[in-house]
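Reading the structure
The lines below spell out each chain.
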Amino acid sequence: MNNSKVITGKQLKDMLLGAYHSFEKNFEAINDLNVFPVPDGDTGTNMMHTMASVAKAISAMSDEAEAGEIGAAAARSAIMGARGNSGVILSQLLRGIGKGVAGKKTLNNTEIGKAFQFGILYAYRSVSKPVEGTILTVARGMAKGAYNAVRGNVSLEEVLLEAISSGKEELARTPELLPALKAAGVVDAGGQGLIVFFEGCLAGLRGQDCEVLSVTPRAKVQIQKGEPLDLEYPYCTEFIVKDADVDKQTVSKALEGMGNSMIVAVVEDIVKVHIHTKHPGDALNMAQTWGTLHDIKIENMRDQHENRLFTAEDIQPVKHGVGVLTVAAGDGIAKVMHEMGAAEIISGGQSMNPPVEEFVNAIENGTCEQYIILPNNKNIVLAAEQVRKLLGNSKVAYVPTTNMAQGLSALLHFDATRSMEENTVIMTKEAKETASGSITVAVRDSVVNGISIHEGDYLGILNDKIVCNGSSMEEVLQKMLTDGDYELISLYYGTDVTEEQAEKLAAEVEELNDEWEVETFYGGQPLYPILLAME
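Quantities reported herein were computed from a predicted structural model and do not represent experimental measurements. (Residues numbered from 1 in each chain as written. Predicted model: local features only at pLDDT ≥ 70, side-chain atom pairs only at ≥ 80, totals over all residues. Heavy atoms only, no water.)

**Describing the packing of aromatic side chains**
This is how it is decided: Aromatic rings from Phe, Tyr and Trp, with only the six-membered ring used for Trp, were paired whenever their centres fell within 6.5 Å, and each pair was classed as stacked if the ring planes differed by under 30 degrees, edge-to-face if by over 60, and tilted otherwise. Helix and strand definitions here come from DSSP, where helices need a minimum of 4 consecutive H or I residues and strands a minimum of 2 consecutive E residues; each element is numbered from the N-terminal end. Exposure categories follow from relative accessible area, calculated using a 1.4 Å probe and restricted to protein chains: below 20% of the type maximum is buried, above 50% is exposed, and the middle band is partly exposed.
Scanning the model with the defined rule gives six aromatic pairs in all. Aromatic side chains Phe 118 and Tyr 122 sit 6.0 Å apart centroid to centroid with 80° between the ring planes, which places their arrangement in the edge-to-face category. Placement of the pair is Phe 118 and Tyr 122 together in helix α5 (residues 109-125), with a separation of four residues, close to one helical turn. Take Tyr 122: its relative accessible area is 16%, and that puts it in the buried class. In textbook terms, an aromatic cluster arises when at least three aromatic residues are bridged by ring pairs, as seen for Phe 116, Phe 197 and Phe 198.

**Description of helix α19 (residues 499-512)**
For clarity, the threshold we go by: A helix is expected to span 1.5 Å for every residue after the first. Our arc is simply the arc of the directions from the helix axis toward the C-beta atoms. Every residue pair with non-hydrogen atoms within 4.5 Å of one another is taken to be in contact.
Taking 1.5 Å per residue, 14 residues should reach 20 Å; α19 reaches 20 Å between its end C-alpha atoms and fits that length. Where α19 is concerned, the buried positions are Ala 502, Leu 505, Ala 506 and Val 509. When α19 is viewed along its axis, its buried side chains cluster within an angular range of 100° and face the same direction. Away from its buried face by more than 90 degrees, α19 exposes Glu 500, Lys 504 and Glu 511. Against the buried residues of α19 lie α18 (473-481), β14 (488-493), β15 (517-522) and β16 (530-534).

**Considerations on unusual backbone geometry**
The phi dihedral of Asp 243 is positive, around 55°, even though this residue is not glycine. Tracing the sequence through the fold places Asp 243 in the loop between β1 (235-242) and α10 (248-255). Look at Asp 464: it is not a glycine, yet its phi comes out positive at around 70°. Mapped onto the elements of the fold, Asp 464 is located in the loop between β12 (458-462) and β13 (465-470).

**Some thoughts on the pairing of strand β7 (residues 370-374)**
Formally: The rule for pairing is simple: two strands pair if DSSP sees at least two bridges between them.
For β7, the tally of buried residues reaches four of five residues, placing the bulk of the element in the interior. One ladder, built from five bridges, connects strand β5 (residues 322-328) with β7; its direction is parallel. Pairing of Val 322 across the sheet is with Gln 370, part of β7. Pairing of β7 with strand β8 (residues 396-398) involves three bridges; the strand directions are parallel.

So far we have only geometry, and geometry alone does not tell us how the molecule works.
Take a look at the structure:
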């Protein structure tokens, strides 16, 4: 048992990352508890995406960061990334935790216990009209359990255990409080999500893996396609207001007559609103008086209902096997990689490094159970490593490819019949043995590797190292390739080079050595007019 008397920023960080991993393992089980035919998306998915925003923000922070800094970053990122009503409620839980740890470098057990108690209370108060039998019932029970534990001056681990125990008791009561839950034979999905959050925090504190839920399938409810859905407020509306100088009470009062299922969250100068309404425009017009509008989402829940029935009964996609998620710097290169078997492709490269969240979303929405990431740029390798940490070694691996040529070589040796581990070893070996080249234009005067470079010079880069410069691409290609021992050279030309120019360059390269075979492909990459893969 962790009886530490001091909780550091690193431990708080580990707890919140543990909560994310807990949702990553259990979001589908939480989704299976959904009862109502028109949810604002799936509860577990929404909560997981909200925590993914938190994980992304705090993972980028130093392990030496203070507890107060971790709490503040978690609160702000949660509200910006919150999805659906369950996500907004979860963001308020994190806001309360952030409030409880504000300004503190480290915390004692009582202080962190009170911070988590704060969080539960904030979550409860975020809903304008609380309904019993929901996540709020569970939150209230957990708040009582945490309060009693904190008064006993016990360890944080014991506070979390007491909160979880009390929450589970309330969760078990939710079917008796909501007839729809009882008819379906399930407990409340949001309440289960809240317990998943705290169990993840506990696992993170202990340095353990999160447990996987075992959820009994809900009772089947017969619903006919095309059955009319009676919704008084059919538009699920979400938006963020930035640079706002308004409090939660003012926002709630202004919007309360416009619909139902309203949740309002406020962190500093940011306001997040979720509401079901007849007239989304009225809510947005009101919000514009508080600040600038961002991330507006309006969904017709009647359509959402019909799509859900169709998807559930007719599509039922199943993830299977291992695939490759690769980064491509141009549409031509992306097409080549797709033809070579890449399952998912993200746009990125020099000056346009994709964020961790984009990788996470691609994997979560992809068709494969496991993914091998090819970053294909030295500035993206760390992002790939972070994705692996966030989603787990059992789901994600990566080959540290630093350029397009390495990525193509690795992809060429991918075999879907091998395991993720076997593929990763083989692809990494092949990538390391691949020769690559590129040409770009210097943006400033400098001296690199003993070479005096002037702005506007063409630069020759061989295996990620600047080796020469010149006044033309022809000159640089000759300097860069003359002493190479190659058989096949693939030349990918970018957006600033025509096909005719590329063919001319290829012919000049072949003249350097009669034994070389040069092929040209449209790459469509920016900034680097020529990319080369040499074999």
